[in-house]
Amino acid sequence: MTKLQNPLTPKVQLQRLTSQRWVMAVLALLFGLVLWQLLWMLLKLPAFILPSPAMVWQKFLVSLSSGLLWRHFSFTLLEVLLGLLIGSSLAALLGYFLSKSAWLENFVSPYLVASQSVPVVAIAPLLVIWFGPGIFSKVLICSLTVFFPVLINTLVGLREVPQDLRELMRSLRATPAQTLRYLELPASLPVFLGGLRVGATLSVIGAIVGELVGSDRGLGFLINVGRGQYDTALVFVAVITLMALAAALYGLILLLESRLLAWQTWRKTV
Amino acid sequence: MTKLQNPLTPKVQLQRLTSQRWVMAVLALLFGLVLWQLLWMLLKLPAFILPSPAMVWQKFLVSLSSGLLWRHFSFTLLEVLLGLLIGSSLAALLGYFLSKSAWLENFVSPYLVASQSVPVVAIAPLLVIWFGPGIFSKVLICSLTVFFPVLINTLVGLREVPQDLRELMRSLRATPAQTLRYLELPASLPVFLGGLRVGATLSVIGAIVGELVGSDRGLGFLINVGRGQYDTALVFVAVITLMALAAALYGLILLLESRLLAWQTWRKTV
Amino acid sequence: MPSSPKIALEVRGLSIAFVETDGSLEVLDNLSFTVEVNSFVCVIGPSGGGKSTLLRALSGLLTPSAGEIRFPHPSHIGPQTGMVFQKPNLMPWRTLFDNISLPLELAGRSKEEIQQATQEMIDLVGLHGFEKSYPHELSGGMAQRVAIARSLVQDPEILLLDEPFGQLDALTRERMGEELLRIWGERRKTVLMVTHSISEAIYLADRVLVMTRRPAQISLDLPITLPRPRTEEMRYQPEFGRLAQLVHEQLSQNDDAMAMPTKSKVA
Amino acid sequence: MPSSPKIALEVRGLSIAFVETDGSLEVLDNLSFTVEVNSFVCVIGPSGGGKSTLLRALSGLLTPSAGEIRFPHPSHIGPQTGMVFQKPNLMPWRTLFDNISLPLELAGRSKEEIQQATQEMIDLVGLHGFEKSYPHELSGGMAQRVAIARSLVQDPEILLLDEPFGQLDALTRERMGEELLRIWGERRKTVLMVTHSISEAIYLADRVLVMTRRPAQISLDLPITLPRPRTEEMRYQPEFGRLAQLVHEQLSQNDDAMAMPTKSKVA
Amino acid sequence: QASSAPESDAQLREITLNLTYIPNVQFAPFYVAIEKGYFAEEGLRVTLNYGNEADLIALVGSGNQQFMVASGEQVLMARAQGLPVVAVFPWYKDYPVGVVSLKEKNIHTPQDLKGKVIGLPGLYGANYIGFEALANYAGLSDADYTLASIGFTQVEAVVSQTVDAAVIYLPNEPSQLRAMGYEINLIAVSDYLDLVGNVLVTNEETIANEPELVRSVVRAFYRGVKAAAENPEEAYAICANFVENLSEADQAVQQAVLAESIKLWEIDPQPGTQQERWENMQEVLLQLGLMSQPVDLQGAYSDAFLP
Ligand SMILES: Nc1ncnc2c1ncn2[C@@H]1O[C@H](COP(=O)(O)OP(=O)(O)OP(=O)(O)O)[C@@H](O)[C@H]1O
Ligand SMILES: Nc1ncnc2c1ncn2[C@@H]1O[C@H](COP(=O)(O)OP(=O)(O)OP(=O)(O)O)[C@@H](O)[C@H]1O
Ligand SMILES: [Mg+2]
Ligand SMILES: [Mg+2]
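Residues numbered from 1 in each chain as written. Chains lettered and ligands numbered in written order. Predicted model: local features only at pLDDT ≥ 70, side-chain atom pairs only at ≥ 80, totals over all residues. Heavy atoms only, no water.

### Considering the overall build of chain C
1) Next: A count of helical and extended segments in chain C gives 7 helices and 9 strands.
2) Next: For chain C, the C-alpha radius of gyration of 19 Å lies close to 18 Å, the compact-globule estimate for 267 residues.
3) Next: Each of the three principal axes of chain C carries a C-alpha extent, and together these read 55 × 50 × 40 Å.
4) Next: Long-range contacts, defined as pairs at least 24 residues apart, comprise 71% of the intrachain contacts of chain C with a sequence gap of at least 6.
5) Next: Counting only carbon and sulfur atoms, one obtains 53% of the accessible surface of chain C, whose full area is about 10100 Å².
6) Next: Of the charged side chains in chain C, 27 are positive and 33 negative; the average position of the first set lies 3 Å away from that of the second. (Helix = DSSP H or I, 4+ residues; strand = E, 2+ residues; numbered from the N terminus. Rg over C-alpha atoms; globule rule 2.2 N^0.38 Å. Contact = heavy atoms within 4.5 Å. Areas by Shrake-Rupley, 256 points an atom, 1.4 Å probe, with all protein chains shown as cover. Lys, Arg positive; Asp, Glu negative; His and termini not counted. Charge placed at Lys NZ, Arg CZ, Asp CG, Glu CD.)

### Details of the relation of the copies chain B and chain A
1) Next: In the superposition of chain B on chain A (RMSD 0.2 Å, axial shift 0.0 Å), the rotation amounts to 179°. Each copy turns onto its partner about a two-fold axis.
2) Next: Interface overlap between copies is the fraction of interface residues in one copy that are interface residues in the other; for chain B against chain A it reaches 95%, indicating a shared surface. (Least-squares fit on C-alpha atoms with pLDDT ≥ 70 in both.)

### Observations concerning the site of ligand 1
1) Next: In the neighbourhood of ligand 1, 25 residues make up the surrounding shell, with C:Gly48, C:Ser52, C:Thr53, D:Glu137 and D:Ser139 lying closest.
2) Next: For ligand 1, an oxygen atom lies 2.7 Å from a polar atom in the backbone of C:Lys51.
3) Next: Contacts to ligand 1 include D:Ser139, whose side-chain N or O atom sits 2.6 Å from an oxygen atom.
4) Next: Here ligand 1 loses 97% of its free accessible area of 640 Å² to cover by the protein chains.
5) Next: For the shell around ligand 1, the secondary structure elements donating two or more residues are strand 2 (23–36) and helix 1 (51–58) of chain C together with helix 4 (140–153) of chain D.
6) Next: Of the residues forming the shell around ligand 1, the biggest block, 4 residues, is contributed by helix 1 of chain C.
7) Next: A per-class count over the shell around ligand 1 returns 7 nonpolar, 12 polar and 6 charged. (Near = heavy atom within 4 Å. Polar contact = N/O pair within 3.5 Å; in protein donor to acceptor, adjacent residues only side chain to side chain. Nonpolar A, V, L, I, M, F, W, Y, C, P; charged D, E, K, R; others polar.)

### Let's talk about the coordination of the magnesium ion (ligand 4)
All names here are of chain D.
1) Next: Around the magnesium ion (ligand 4), the protein contributes the donor atoms Ser52 (OG) and Gln86 (OE1), at 1.9 to 2.1 Å from the metal centre. With Ser52 in helix 1 (residues 51–58) and Gln86 in the loop between strand 5 (81–84) and helix 2 (96–106), this pair connects stretches of sequence that are 34 residues apart. The burial state of Ser52 is the same as that of Gln86; both residues are buried. (Donors = N, O, S within 2.8 Å, 3.2 Å for Na, K, Ca; no water. Buried < 20%, exposed > 50% of the residue type's maximum accessible area, 1.4 Å probe, protein only.)

### Brief notes about a nonpolar patch on the surface
1) Next: On the surface, a nonpolar cluster with roughly 860 Å² of combined accessible area is contributed by A:Trp130, A:Phe131, A:Phe136, B:Val34, B:Leu38, B:Leu39, B:Met41, B:Leu42 and B:Leu43.
2) Next: Of all the secondary structure elements, the ones that give two or more residues to the nonpolar patch are helix 6 (120–131) of chain A together with helix 2 (21–43) of chain B.
3) Next: You can see A:Phe131 is positioned in helix 6.
4) Next: Assessed through its relative accessible area of 32%, A:Phe131 is described here as partly exposed. (Patch = residues over 30% accessible without salt bridge, like charges linked within 9 Å, V, L, I, M, F, W, Y side chains within 5 Å. Salt bridge = Lys/Arg side-chain N within 4 Å of Asp/Glu carboxyl O.)

### Regarding the nonpolar core
In a soluble, globular protein the nonpolar side chains are often hidden away together inside.
1) Next: Membership of the largest hydrophobic core comes to 372 residues, with the highest contact counts inside it found for C:Phe40, C:Val208, D:Phe40 and D:Val208.
2) Next: Take this core: its biggest share by element is 15 residues, from helix 9 (residues 176–213) of chain B.
3) Next: If you look at the next biggest cluster of nonpolar residues, it comprises 69 residues, including E:Tyr31, E:Phe89, E:Leu102 and E:Ile168. (Core = buried A, V, L, I, M, F, W, Y, C linked by side-chain atoms within 4.5 Å.)

### A few points about the pattern of salt bridges
Residues and elements named next belong to chain D.
1) Next: Counted under the stated rule, the structure contains 53 salt bridges over all chains.
2) Next: Of the charged contacts in the structure, one is a salt bridge between Arg173 and Glu200, with a shortest N-O distance of 2.8 Å. You can see Arg173 sitting in helix 5 (residues 170–187) and its partner Glu200 sitting in helix 6 (residues 198–204), a full 27 residues away along the chain. Here the two residues Arg173 and Glu200 agree in accessibility, since each one is buried.
3) Next: Linking Arg228 and Asp206 is a salt bridge whose minimum nitrogen-to-oxygen distance equals 2.8 Å.

### Points about the interface of chain E and chain A
1) Next: In this complex, chain E contributes 28 residues to the contact, which on the side of chain A involves 26 residues.
2) Next: In this assembly, chain E packs against chain A so that about 2200 Å² is buried in total across both faces, 56% of it on carbon and sulfur atoms.
3) Next: Its largest share of buried area at the contact with chain A, chain E owes to E:Ile22, E:Glu244 and E:Asn245, together 26% of the area lost on that side.
4) Next: Our enumeration of links across chain E and chain A arrives at 1 salt bridge.
5) Next: Close ionic contact of E:Glu244 with A:Arg71 constitutes a salt bridge, the shortest N to O distance being 2.1 Å.
6) Next: Taken together, the connections running from chain E to chain A amount to 6 residue pairs in polar contact (both at pLDDT 80 or more).
7) Next: Among the residues making up the side of chain E that touches chain A, the classes are represented as 14 nonpolar, 9 polar and 5 charged. (Buried area = accessible area lost by both parts, 1.4 Å probe.)

### Quick word on the interface of chain B and chain A
1) Next: Contacts between the two partners involve 65 residues from chain B, matched on the other side by 63 residues from chain A.
2) Next: Taking both partners together, chain B and chain A bury about 5500 Å²; carbon and sulfur atoms supply 72% of that area.
3) Next: At the junction of chain B with chain A, the criterion picks out 2 salt bridges.
4) Next: For B:Arg159, the salt bridge identified is with A:Glu257, shortest N-O distance 3.4 Å.
5) Next: Only helix 2, helix 5 (102–117), helix 6 (120–131), helix 7 (135–159), helix 8 (163–171), helix 9, helix 10 (219–228) and helix 11 (232–260) of chain B provide two or more residues apiece to the side of chain B that touches chain A.
6) Next: When its residues are assigned to classes, the side of chain B that touches chain A shows 44 nonpolar, 13 polar and 8 charged.

### Details of the pairing of strand 6 (residues 158–162) of chain D
All names here are of chain D.
1) Next: Of all 5 residues in strand 6, 5 are buried; the element is thus mostly enclosed.
2) Next: Residues of strand 6 alternate between two faces, with Ile158, Leu160 and Asp162 on one and Leu159 and Leu161 on the opposite face, all of them buried.
3) Next: Summarising the sheet, strand 6 and strand 7 (residues 190–194) pair through 5 bridges and their orientation is parallel. Residue pairing for strand 7: Leu161 is matched across the bridge by Met193. (Pairing = 2+ DSSP bridges.)

### Points about the arrangement of the chains
1) Next: In this assembly 8 pairs of chains touch, with chains A and B having more contacts than any other pair.
2) Next: A gap remains between chain C and chain E, which never touch, and the nearest two C-alpha atoms on either side lie 49 Å apart.

### Points about the site of ligand 2
1) Next: Residues in close proximity to ligand 2 total 25 residues, the closest being C:Glu137, C:Ser139, D:Ser52, D:Thr53 and D:Gln86.
2) Next: Nearby residues place ligand 2 at the junction of chains B, C and D.
3) Next: Relative to its unbound accessible area of 630 Å², ligand 2 is 97% covered by the protein chains.
4) Next: Sorting the residues of the shell around ligand 2 by element identifies helix 4 (140–153) of chain C together with strand 2 (23–36) and helix 1 of chain D as the ones contributing at least two each.
5) Next: Of the residues forming the shell around ligand 2, the biggest block, 4 residues, is contributed by helix 1 of chain D.
6) Next: Among the residues making up the shell around ligand 2, the classes are represented as 7 nonpolar, 12 polar and 6 charged.

Rendered as structure tokens:
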């Protein structure tokens, strides 16, 4: 048996290529652009409602070179990263403790659910009074948005830790900290990362909502500016930028996932 | 060995009681009320920023007897239920097909992430123009909000289906439909239900956001009315009602969970 | 022994290698053998040698790197194999009863039929009273018996058994062996069974295949000419001892050839 | 044999019953025995009889319904038990190497120490070359050997082994048994091992405990007086046969008492 | 975006002016007054903050903030709920809401709205109140037209003919529609009703404790109003320093928005002229059921600070 190497036929090469995440993402992007251009040409909507890709690209370059886009983008980025970090860490922490105590979970979860269903606008004055009109209240809103999906997936992930392995750890007299590090963390990681995927995407929305409620910086504010000045191309630039931000965060988590969960890949026969 | 029955000492009875979900939830509610009353008395904030529980209760009774609350609540309820149903079914369906094809997932996920990061207010014009100002556009927004967490957890849940059991099903020559029904569905259920928990909670927010953007009915509209008329007690009534709605949905899913995942309970020794 | 040597299973030049980061791990190397219809064949070989890999290839779970597997017997519309995995592979959310009845549900049998056939199997493997227990409430041996019952209940043409009795106590093991022989005798199945017990192999089989270390080949294809039905006494007859000796020697030889088993790779 | 009969493990009036929806399932019933320091005790009994339950209680994973478990030997600061479960119980995200080194990591050993001790164990159980394989890439027997290596690497005072050799081929099984005896002899451990092989029990142990069907009691406590070191020839000596005969009879008797094992419950 | 007077003197008193919506040419008087140092001359350094009207009124009412711009009816409704907010300067002389429709719809008078679908952001806020007041005045009842809550999408809705007409903010949407080349008809509420428009608001506490501060703010602001109205080109240029992206936006539209805004401003405020507008507004609110009881108008606004 010497012919164990897989020959690189064109078909195999194509398969390899399409299994690469970024290749498909780029294809999807191109597809989307073409669709947009077609829509624009067919529907003949006024530019105010649907600008052409070229117009938006133009606006993108202008707002990039004027520093406008970067200024607002960096502000939103900061909010999103802080919010994601704070929200998901707190969620993971709380999730861990809740999973250890059924009565604590039963006591706390009504609050959590309630806190998730309050629209930000309803409590905006209270937020401003308590946390000021600065970046803090936006990061708070963003953290709150991230919090819940990460928390629930932490709880579910920890519950799914195999009982057999818990027994193994106990038979090895592992401390709670060791059990967390060596068993619970890796075992609940797949589900936790799923929560983080949702959380990262929502964090962008959270930051934008915070900015829309009251702010003078960030991509959410830029959307408002564009809408207020009937500059739809600017709105598109802001929206596409935040889409890209969300996609980048998502991609990063997928990358992390494929690194951390490499053990899940099942070896094929040659 | 005859003394195998656990004696019902006061301590045991207390433990049984606190392990009951609703008991703790009621306790949490009471605790929250007391906290609110204390806050109100200590902070001495004007009533239009933080009304007292008694004032809100008064307003609740009034708006209940006038039919105001019920009219708006029932509208929101309809939106939420429709949105949850549609959003989570579509998410489960799409999740299933995406999990079967890596390239499809890679192609579609950029769109999904992008669609999730667009704030509703930014696309509201298009939504309203395309789908009209009626209930449809709100249900759509609600479905979109529910969609993502359910989709991701469907994907993660399906990925976590044990490979050994997949092999078992293949060795039994199960059709894809049978594999879905007998293996994939039950095996991914815990994680899927986690996604549904998040989705149900978010669906309430989704409906409210849809109503805030443009509607003449629903709890979101009621919040707007209350805010517009500086009737903070009414805002609180609406917010608390939607909190209760979210909590009820969440509780329902927990109930479903404890039914469907009863097999996970590990029998204790007597 | 079946009178006309019809072939149930034909393996020709079967090679299987797993992809590894730094090359590939050859597990089976150019394996060829046939199994006659209604015969009972036992496979014996060293741990990590490739027995489970062979069975998984036979039941279509692995794509061979080279060679072919055929089920030439005309009565087989498609390969109707039933498999007992080395692990019990039970569904944790299904009760014992529902785990055993799974193949029947998949085959779309009627409720009554399922109820009856499953209960029969449960009694056969001595698990009456545990119908409603979940897998995590079963002992290791009980779980293994559930897996055996699940493979038998579907009444397949070819039974592939991967160490089905590994976690059973001596008595239960003997009883399960007897039951297997009885079923095989009554319903005339083709059985390919992996076992680690030399005496079990000889007691049950028409033929014993001894496999070498990885990459595995068949080093001995031993027909067991002991008459059927087999009895306990046969275990103490010289012929039985001679056969056991042969297998044991062959295994030791294979073992000596590479005193400490290490991994060999094809880069 | 240890000269002074110090007690490593004392079980007194141990009863264990599981809660069931319709009453409780009594598994162990008023079990009492002691294990002397540095002795090698084998437990043998029917499938589903309660052997694993006993071991899990001894390692503190189950709370007894009644009775007590003590580790009176003063050198034991807390019960330093090492356990091999009936299932391999490997962590799927850890490589073979990392699964074996887990107890050492938990004990906070140094990097070099871990590297050396783990590699030694890997070589001992014949898995050299598979250090970087993940559990799902191992055969059943290989996984079981990993579990054995993991329990040995931590060098515990009391070893609790639940059918550790169940999925190993005859030769590997014998070799692992020899290794266990060697380690036991060298490091002077107390071993309590569940096995289904009568001859293995007699070959390895100082004492064989035979358990009855559920609710389990000890029906025979048989001292094995064969001299050590044990040799292959002893297996064919009349004394060995006599002892095996005794155990076998006891098992059959227990079995006959309740021909088909069914579930009995206390409401 | 903090903006300070040219001479950054440590002696200047820091104050925050809260504007609703977002930076926009409509707020030109503020930008002009800051840029030209009118506030600094009064010893003030101004920070502009933008936010939601309802939130800001709550904050001003609770004493968390001191000054803001609000629509007149908001002041009345807030006072009805016990918020001690007071209007101290009438910035707008007219109510800035109207109904816009495409020319081909032939909607010229309020009566023409009969049987039509009318889009508006929602059943609350200035647009709703302005429209209901107009309909009421024209003798139309709720059954005579259909209201569609469409959020702030009036331009899109009118263009795509999802609605027959839309309730809009006079300076904004019409300018945009005209710039897009549509011929439109416009019914301004102020053509039929004299209602109080945008006003500068503070709270009773500030009036009682710091009347001089109020006077200074009003004085500087009024100078900004006059300067902007007298020289719109200069005002527009100044706006670009405060309104992001203004140089990138459609200049014609934005200049039109400013011009239309100026038309609504009160250039020559006299004591007593406000009285009727406030009374009319109160009547409308009572009729619409947005207020259950009349408030004391003397508390709601004050002529005492007019320059
Ligand atoms: N999915 C896989 N990926 C990589 N290697 C594998 C995989 N499955 C099996 N192997 C390797 O193939 C070899 C043979 O494994 P197999 O399970 O067939 O052995 P076996 O003969 O059944 O052994 P045992 O008696 O211990 O069960 C082993 O070295 C194992 O590491
Ligand atoms: N977690 C549990 N919940 C309920 N019943 C249990 C549980 N664990 C074990 N049992 C029951 O206890 C009995 C004894 O199980 P145990 O695992 O101790 O048997 P065993 O002697 O180890 O058998 P085997 O040789 O088959 O492994 C069985 O009837 C089993 O169903
Ligand atoms: Mg195997
Ligand atoms: Mg056991």
